[in-house]
Structure formats: structure tokens, C-alpha cells
Amino acid sequence: AMEHAYPRMQDCVAKEHFTKAFECAANIRSAVDDFLDNVRINDDDKEKREARLKMLSLIKQFFDDIADFSKIEGDTKEQKKKAA
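All residue numbers refer to position in the chain's written sequence, counted from 1. Reporting of local features is limited, given that this is a predicted model, to residues whose pLDDT is at least 70; pairs of side-chain atoms are given and counted only at 80 or more, and all residues count toward the totals for whole chains, interfaces and linings. Hydrogens are left out, water is left out, and the side-chain values use all remaining heavy atoms of the structure.

Points about the environment of Ala26
Relative to the helices and strands, Ala26 is located in helix H2 (residues 18–27). Ala26 gets classed as exposed once you look at its relative accessible area, which sits at 54%. Placed 16 residues apart in sequence, Ala26 and Asn42 show a C-alpha to C-alpha distance of 26 Å. Numbering of helices and strands runs from the N terminus; a helix is a DSSP stretch of H or I covering at least four residues, while a strand is a stretch of E covering at least two. For every residue, the accessible area obtained with a 1.4 Å probe (protein chains only) is divided by the maximum for its type, and the residue is called buried under 20%, exposed over 50%, and partly exposed between those limits.

Some remarks on H2
In an α-helix, one full turn covers 3.6 residues, which means residues spaced three or four apart are oriented alike. Regarding H2, the residues found buried are Ala21, Cys24 and Ala25. Relative to the axis of H2, the buried residues are bounded by an arc of 100° and lie together on one face. Summarising the geometry of H2, the exposed residues directed more than 90 degrees from the buried face are Thr19, Ala26 and Asn27. Contact definition: two residues touch when any of their heavy atoms are within 4.5 Å. Taken together, the buried residues of H2 touch helix H1 (2–14), helix H3 (29–38) and helix H4 (46–66). In this context, the arc is that of the directions from the helix axis out to the C-beta atoms.

Observations concerning H4
In this analysis, the expected span of each helix is defined as 1.5 Å times one less than the number of residues it contains. Compared with the 30 Å implied by 1.5 Å per residue over 21 residues, the 31 Å span of H4 between its first and last C-alpha is a close match. Every buried residue of H4 is listed here: Ile59, Phe62 and Ile66. Buried residues of H4, seen end-on, are gathered within an arc of 55° and therefore sit on one face of the element. Turned more than 90 degrees away from the buried face of H4 sit Lys46, Glu47, Lys54 and Lys60, all of them exposed.

Structural data, given as C-alpha cells:
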């Protein structure tokens, strides 16, 4: 799902077609949900763990390329540190 959606999403962002970029994200939701719900990221097998961490990083990068989610206000750990 990522192999197909990622280049398409990047093209949409480059052309400033943000609605289509978010549609790409919506199209991979079930695959991402399945990965996060059913895959043990920190597997005891080092090779599996590294591959799964790379996939997790790719998922993060995918969404970071669409929008800077760190700009969303809320009760994040970082904001709580700043407030303290």
C-alpha cells in the first residue's frame, strides 16, 4: 500500500493538490491500522524489529510530508514541558 500511495501523495503535495494527498492517506488507512494493530514492532528477532521500525518510520514520513502535525495545538508532552 505504501509503495503505491507514497509517490502519488508526494506528487499531489508537489502540485499543491492537498485534498488528493489526504485521499492517498485515507486509502492506506486500513493497511496502517492493520500494521499498528496486528504487528509486534519490537519483535525479539532483530531483523524483523529493524524492518518494522523502518516501516513505522516510513508511515511517519508519509504523514509528515502531508502536514506538520507538530503545529497542532493540544496537551502534548512538549507543550506540558513548556508550560511547567
